[in-house]
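# Understanding the architecture of this molecule
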Amino acid sequence: MTAEVLRMIPTNESVEPDDRQLVEQIRRGDEEAFETLVRRKTSKVYGLCYRVIGNGEDAKDISQLVFLKLWENLDKYDPQYAFDTWLYRMVTNVAIDFMRSKQSRDNAVNSNLRLVKTAFDPEQTVTVQRKEVESVFNVVSNVLSPKQKAIFVMSEMEDLRSSEIAKVLGCRESTVRNHLFNARKLMQQQLKRRFPEYARLWEQSR
Amino acid sequence: MMTCQYFRANLQPGTTDVGVLEHLRLCDACLDHAMGIDPDLFFRSLGGTELVPPGGVDAFVGDVMSQVRVRNAETSFAPRKAARVWQRLAVAATVAAGVAGASLVYRFEAVVPAAQPVRVLASASRVVPARPQILATKSFVETYSSHDATIVEMPNDGSDAKIVMIFDEKLPADL
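Being a predicted model, the structure only gives us computed values, none of them experimental.

## Some remarks on the overall build of chain A
The helix and strand tally for chain A stands at eleven helices and zero strands. The N-to-C order of helical and strand elements in chain A reads α-α-α-α-α-α-α-α-α-α-α. Put simply, chain A has 206 residues, and 30% of those count as buried.

Structural data, given as structure tokens:
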């Protein structure tokens, strides 16, 4: 294919502005650019909120709050840094604050605890169902602090590297690794206590 | 997306391969198999999926934008608010300056007693009454103790004002 033909094929860059370009447009007062940005980032923001908070309605409210904060603080964004890192920082800060206030508000037993099984047959073979993994996660991750949970979610579910998480949280990489190590340990302990049939998977693999 | 056969053949414990993780997160048939290879994939299987807020993306974006418009309308009053803040500050500064000035005047008047008519007694006709201005610039001595001083007290007629003269060679020159 010649260079001339290549030039005629529209690329994604030419059709859709990237995040930084959108931010520039928004700073100039373009409301439509902000709408485009919200649409583009909704799934990412809501997904992280949902994983950390564990409740769809709360996650939706917190996601909306994040976007409003984004709108109000867009002047503070420094384009030399990745937009997603800045966005993730905002999401984790708001979600962690929400979790902390929620934890202090209600230390009541989570409704998910109904999933706890007291009796199980050690010979029983376990088939892992995706829906159940989510429920198990909601139960066992309750032992984590909001920050530990946010780090665990970013690492395991959003596939962010430790260095990226450190940038998001503004801390050292070693701190992130420590939190991750402790989070995994705590969750395995909880898994053993509450879902021994799944904890057996780890024991078998040793 | 890679095939189940390829996934099962290539799955390694502790994998960070994007394709492998994508398959793990989408294929229910391979999830159980993956657990047997690496249980740490248990929670990793949750990630990756595009989550949609309750009510859908369009409704979500609509809600956000309507709140943004409300905030915009609120902040359009901001310049006027800012001016008001400056006006308030100016008024506050004026009031503070007035209060500070008044308190200074009050203090000065408390240190310098109001001029009173001095009655010149026959026995002290040569005594010149001290000027208030001089009192204000000299050091103020509240207590004084000395064995070598000579104190001369001018008699008065029961009024509060009393003239006391102290003669002491050891006193500092500026007193």
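From this point, the discussion proceeds with the structure in view.
## Notes on the overall build of chain B
The helix and strand inventory of chain B stands at seven helices and two strands. Walking chain B from its N terminus toward its C terminus, one meets helices and strands in the order α-α-α-α-α-α-α-β-β. Buried residues in chain B amount to 10% of all 175 residues.

## Some words on unusual backbone geometry
Residues and elements named next belong to chain A. Residues other than glycine seldom take positive phi values, yet Asp159 does so here, at roughly 60°. Residue position: Asp159 is located in the loop between helix 8 (146-157) and helix 9 (162-169). Among the residues examined, Asp159 registers 14 C-beta atoms within 10 Å and is labelled partly exposed.

## Some remarks on the interface of chain B and chain A
Contacts between the two partners involve 26 residues from chain B, matched on the other side by 31 residues from chain A. Sorting the residues of the side of chain B that touches chain A by element identifies helix 3 (28-37), helix 4 (41-44) and helix 5 (57-75) of chain B as the ones contributing at least two each. The dominant element in the side of chain B that touches chain A, judged by the number of residues it contributes, is helix 5 of chain B, at nine residues. By residue class, the composition of the side of chain B that touches chain A is 17 nonpolar, three polar and six charged.

## Some thoughts on helix 10 (residues 173-194) of chain A
Residues and elements named next belong to chain A. For helix 10, with 22 residues, the first-to-last C-alpha span of 31 Å sits near the 32 Å given by 1.5 Å per residue. Along helix 10, the positions that sit buried rather than exposed are Val176, His179, Ala183, Met187, Leu191 and Arg194. Taken around the axis of helix 10, the buried residues stretch over an arc of 100°, which confines them to a single face. Counted as exposed and oriented over 90 degrees from the buried face of helix 10: Ser174, Phe181, Lys185 and Arg193.

## Notes on the environment of Val164 of chain B
Residues and elements named next belong to chain B. Counting through the fold element by element, Val164 comes out in strand 2 (residues 164-167). Taking the C-alpha atoms as reference points, Val164 and Val152, twelve residues apart in sequence, are found 5.8 Å from one another. Apart from the residues within four sequence positions on either side, Val164 is in contact with Ile151 and Glu153.

## A look at the environment of Asp32 of chain B
Summarising the element assignment, Asp32 of chain B is placed in helix 3. For Asp32 of chain B and Phe42 of chain B, which are ten residues apart along the polypeptide, the C-alpha to C-alpha distance reads 9.0 Å.

## Considerations on the packing of helix 4 (residues 31-53) of chain A against helix 8 of chain A
All names here are of chain A. It is at 9 Å that the axes of helix 4 and helix 8 come closest, and there the two elements cross at 125°. Judged by the angle between their axes, helix 4 and helix 8 are oblique. Relative to helix 8, helix 4 is oriented so that their crossing is right-handed. For the pair formed by helix 4 and helix 8, the contact residues are Leu48, Arg51 and Val52 on the first element and Lys149, Ala150, Val153 and Met157 on the second.

## Overview of the confidence of the model for chain A
Residue and element names in this part refer to chain A. Predicted confidence across chain A gives a mean pLDDT of 82, with 80% of residues reaching 70 or more. Segment residues 1-7 is flagged for pLDDT under 50; beyond a separation of four residues in sequence, or across chains, it makes one contact in the model. Note that pLDDT drops below 50 for residues 111-120; the model gives that stretch ten contacts with residues more than four away or on any other chain.

## Quick notes on helix 7 (residues 130-140) of chain A
Within the span of helix 7 of chain A, buried status applies to Val136, Phe137, Val139 and Val140 of chain A. In an axial view of helix 7 of chain A, the angular spread of the buried residues amounts to 165°, which keeps them on one side of the axis.

## Things to note about the confidence of the model for chain B
Residues and elements named next belong to chain B. Taken as a whole, chain B shows an average pLDDT of 75; of its residues, 67% reach a score of 70 or greater. Mean pLDDT per element in chain B: helix 7 (residues 132-137) is the minimum at 53, and helix 5 is the maximum at 89. Among the scores for the predicted complex, ipTM is 0.77 and pTM is 0.63.

Reading the values: the criteria
- Residues numbered from 1 in each chain as written.
- Chains lettered and ligands numbered in written order.
- Predicted model: local features only at pLDDT ≥ 70, side-chain atom pairs only at ≥ 80, totals over all residues.
- Helix = DSSP H or I, 4+ residues; strand = E, 2+ residues; numbered from the N terminus.
- Buried ≥ 20, exposed ≤ 12 C-beta atoms within 10 Å, placed from the backbone.
- Contact = placed C-beta atoms within 7 Å.
- Nonpolar A, V, L, I, M, F, W, Y, C, P; charged D, E, K, R; others polar.
- Expected span 1.5 Å × (residues − 1).
- Arc of directions from axis to C-beta.
- Axes fitted to C-alpha atoms, helices over the stretch in contact; angles between N-to-C directions.
- Parallel < 35°, antiparallel > 145°, perpendicular 65-115°, else oblique.
- Left-handed = near helix turned anticlockwise from the far one by under 90°.
- pLDDT = per-residue confidence, 0-100.

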